[in-house]
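Structure at a glance
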Amino acid sequence: MYFKNQVFLLILILFFVQLSVAQNNTNSPYTRFGLGELIDAYSGEQKSLGGVGFGSRNSGSINAMNPASYSAVDSMTFMFDMGFGGLMSRFTVPTGSNTKYNANLEYVTLQFPVNKWMGISAGMLPYSFTGYQFYRQDSILMPGYKSDTYAYYNETYAGTGGISQVYAGLGMKFLDHVSVGLNAYYMFGDVINNRSLLYSTTDFKDATQVNSVRVSNFRFRYGLQLFNTFAKKHDVTLGLIYENKAPLNGIFEQRHYAVPADTIVYDDAFDLSNTLGIGLYYTYDNKISLGLDYQYQAWEKARYYGAVDSLNNRSKLSVGLQYIPDPRGKKYLERVRYRAGFNMSDPYYKIPGVSNVKNIGISFGVGLPLRTGNTMLNATIEYGKSGESSVIREDYLKFTFNAVFNESWFFKRKL
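Please read these numbers as outputs of a predicted model, since none were measured by experiment.

What follows covers the overall build of the protein chain. Across its full length, the protein chain carries two helices and 20 strands. For the protein chain, the residues scored as buried account for 47% of the 415 residues in total. Within the protein chain, contacts between residues at least 6 apart in sequence are counted, and of these 66% link residues at least 24 apart.

Let us now look at the pattern of salt bridges. Under the criterion given, the structure shown has 15 salt bridges. Of the charged contacts, one joins Glu 106 and Lys 47 as a salt bridge, the two residues approaching to 2.1 Å between their closest N and O atoms. Placement of the pair is Glu 106 in strand S3 (residues 96–115) and Lys 47 in helix H2 (residues 44–48), with a sequence separation of 59 residues. For Glu 106, a relative accessible area of 7% gives the class buried. The class of Lys 47 is buried, set by a relative accessible area of 10%. Between Asp 395 and Arg 393 there is a salt bridge, and its shortest N-O distance comes to 2.9 Å. Residue classification places Asp 395 among the buried positions, given a relative accessible area of 19%. Since its relative accessible area comes to 28%, Arg 393 is described here as partly exposed.

Under the definition given, this model contains 16 aromatic pairs. Plain terms: the ring middles of Trp 299 and Tyr 348 are 5.3 Å apart, the flat faces sit at 45 degrees to each other, and that makes the pair tilted. Placement of the pair is Trp 299 in the loop between strand S15 (288–297) and strand S16 (314–323) and Tyr 348 in the loop between strand S17 (337–345) and strand S18 (359–369), with a sequence separation of 49 residues. Exposure remark for Trp 299: the relative accessible area of 1% places this residue in the buried category. By way of ring pairs, the aromatic residues Tyr 30, Phe 33, Trp 299, Tyr 348 and Tyr 349 are connected into one cluster. Looking at Arg 57, its charged tip hangs above the ring of Phe 227, at a distance of 4.0 Å from the centre. Arg 219 extends its terminal NZ or CZ atom over the ring of Tyr 185, reaching a point 4.0 Å from the ring centre.

Attention now goes to the pairing of S17. Relative to S17, S16 runs antiparallel, the two being bridged by eight bridges. Bridging from a neighbouring strand, Gly 320 pairs with Gly 341 of S17.

With respect to the helices and strands, the residue Asp 40 is situated in the loop between strand S1 (37–38) and H2. The exposure class assigned to Asp 40 is buried, which follows from its relative accessible area of 16%. There is a polar contact of 3.4 Å between the side chain of Asp 40 and the side chain of Gln 295. What Asp 40 contacts, discounting residues up to four positions off in sequence, is Gln 295, Arg 314 and Lys 316.

What follows covers the pairing of strand S7 (residues 178–199). Within a regular beta strand, the side chains point alternately toward one face of the sheet and then the other, so they alternate between its two faces. The pairing of strand S6 (residues 150–174) with S7 spans 22 bridges and is classified as antiparallel. Paired with Ile 163 across the two strands is Gly 189, which belongs to S7. With antiparallel pairing between neighbouring strands as the criterion, S6 and S7 make up a hairpin whose turn holds three residues, including Leu 175 at a positive phi of roughly 60 degrees. Two elements, S7 and strand S8 (residues 207–230), share 20 bridges in a ladder whose sense is antiparallel. Among the inter-strand pairings, Val 178 is bridged to a residue of S8, identified as Leu 226.

Turning our attention to the environment of Gly 119. By the element assignment, Gly 119 lies in strand S4 (residues 118–129). Look at Gly 119 and you get buried, because its relative accessible area is 0%. As a C-alpha pair, Gly 119 and Pro 67 span 52 residues in sequence and 9.2 Å in three-dimensional space. Those residues in contact with Gly 119, other than ones at most four positions away along the chain, are Tyr 70, Ser 71, Val 73, Phe 112, Pro 113, Val 114, Gly 169, Leu 170 and Gly 171.

One finds Leu 35, Val 213, Phe 270 and Trp 299 to be the most contacted residues of the largest nonpolar core, which totals 25 residues. Only S7 and S8 provide two or more residues apiece to this core. In this structure Trp 299 touches Leu 35, Leu 38, Tyr 127, Asp 271, Leu 272, Ser 273, Leu 311, Asn 312, Asn 313, Arg 314 and Tyr 348, once residues within four positions along its chain are discounted.

On to unusual backbone geometry, then. Of note in the backbone geometry, Lys 232 takes a positive phi value of approximately 70 degrees without being a glycine. By the element assignment, Lys 232 lies in the loop between S8 and strand S9 (234–243). Looking at Lys 232, the relative accessible area reads 79%, which means it is exposed. The phi dihedral of Tyr 305 is positive, around 50 degrees, even though this residue is not glycine. A residue is classified by how much of its surface remains accessible, and Tyr 305, at 19% relative accessible area, is buried.

This paragraph deals with the side chain of Ser 69. Along the chain, the position of Ser 69 falls in the loop between H2 and strand S2 (77–93). Filtering out sequence-adjacent residues up to four positions away, Ser 69 remains in contact with Ser 56, Arg 57, Asn 63 and Gln 225.

Another aspect to go through is the environment of Ser 216. Positionally, Ser 216 belongs in strand S8. Residue classification places Ser 216 among the partly exposed positions, given a relative accessible area of 39%. A sequence separation of 29 residues divides Ser 216 from Met 187, and the C-alpha atoms of the two residues are 5.7 Å apart. Discounting residues that sit within four places of it in the chain, Ser 216 has contacts with Tyr 186, Met 187, Asn 249 and Gly 250. Here the side chain of Ser 216 touches Tyr 186 through a polar contact of 3.1 Å, side chain to side chain.

Scoring rules and cut-offs
- Residues numbered from 1 in each chain as written.
- Predicted model: local features only at pLDDT ≥ 70, side-chain atom pairs only at ≥ 80, totals over all residues.
- Heavy atoms only, no water.
- Helix = DSSP H or I, 4+ residues; strand = E, 2+ residues; numbered from the N terminus.
- Buried < 20%, exposed > 50% of the residue type's maximum accessible area, 1.4 Å probe, protein only.
- Contact = heavy atoms within 4.5 Å.
- Salt bridge = Lys/Arg side-chain N within 4 Å of Asp/Glu carboxyl O.
- Phe/Tyr/Trp six-rings, centres within 6.5 Å; stacked < 30°, edge-to-face > 60°.
- Lys NZ or Arg CZ within 6 Å of the ring centre and 35° of its normal.
- Pairing = 2+ DSSP bridges.
- Polar contact = N/O pair within 3.5 Å; in protein donor to acceptor, adjacent residues only side chain to side chain.
- Core = buried A, V, L, I, M, F, W, Y, C linked by side-chain atoms within 4.5 Å.

Next comes the structure, spelled out in structure tokens:
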């Protein structure tokens, strides 16, 4: 029975992976740059904590941010987590504003124990999103005509796609206070950016340029957690993660549909950056938890279309707080998780002539345990802003809902 349930869930995950490939969760013009908007691998619970997770060890949730956390899984349970998100974005430019909406499946993960000191996790997570469409109208002076003769044109920008990743990871605990882990990711997907020039006169030739990045790549994340309990009520965990710089394998093309038309194929021209993360997580009496994470990505040294220094180094700071009135309380509201978080990050892309402005997000959420079983429903609302107000500023509200099914599959129920 246990084996059949595992097979069913694995098939379900593969179905959602295929379903999610064509979906997107952004309308931001800033996804035109780099590989799109980078998506950190947060669960719904971690999003309500501002993205804190490197130091988190919880037997009732799946923490894909640090594979060392998998060893905290209960030795008698199987967990399955699925998250959905909705996004409302308002884009403001000096001449006006516009609001966009979209929603999609965000991630699917599962986790189960091998024994009391080892756990395994697998699932599907997003890596980046690209989705935008905007245009501008302008004119240029026509050579050989009167000084007041102009040709008008439309310049259109559009982008679609995204990079997804399927992962499998292992976490092992030893010496009672140390855990190490490894995640292996297979990355796949397409990022396509189009730019078109359409003129109002045949004196100029229309032109279209299409940049496409088709990814098929493996990468690895290494995790470490050092944890201990002091005076029975104080739990402290220090977490570390690291990813090494590696080539981004795939097919990279730039096509020019003009006169004459041509195609440029880039071979071995993209890199994934070094990534380093450190986090501290403290829990008092299983009621109050406070987490702090810092992440750094060295994108300046990564190649982008064959050139380095085309992107910016990215750093991110996250702070999260959770409060449970009474984890074993008889009243339902005493067992509800109340959460709040804050994060601040640098954009990793460069825009010529525009200074980078930090992205800021504030989140609030609740964890709602079901009256029967160990299933937890999590709901999060996040407000954030990004971009430069003199160019394009994005203010967004993001809603995330996920359910963590925690079932005891390793013993026979008694009638």
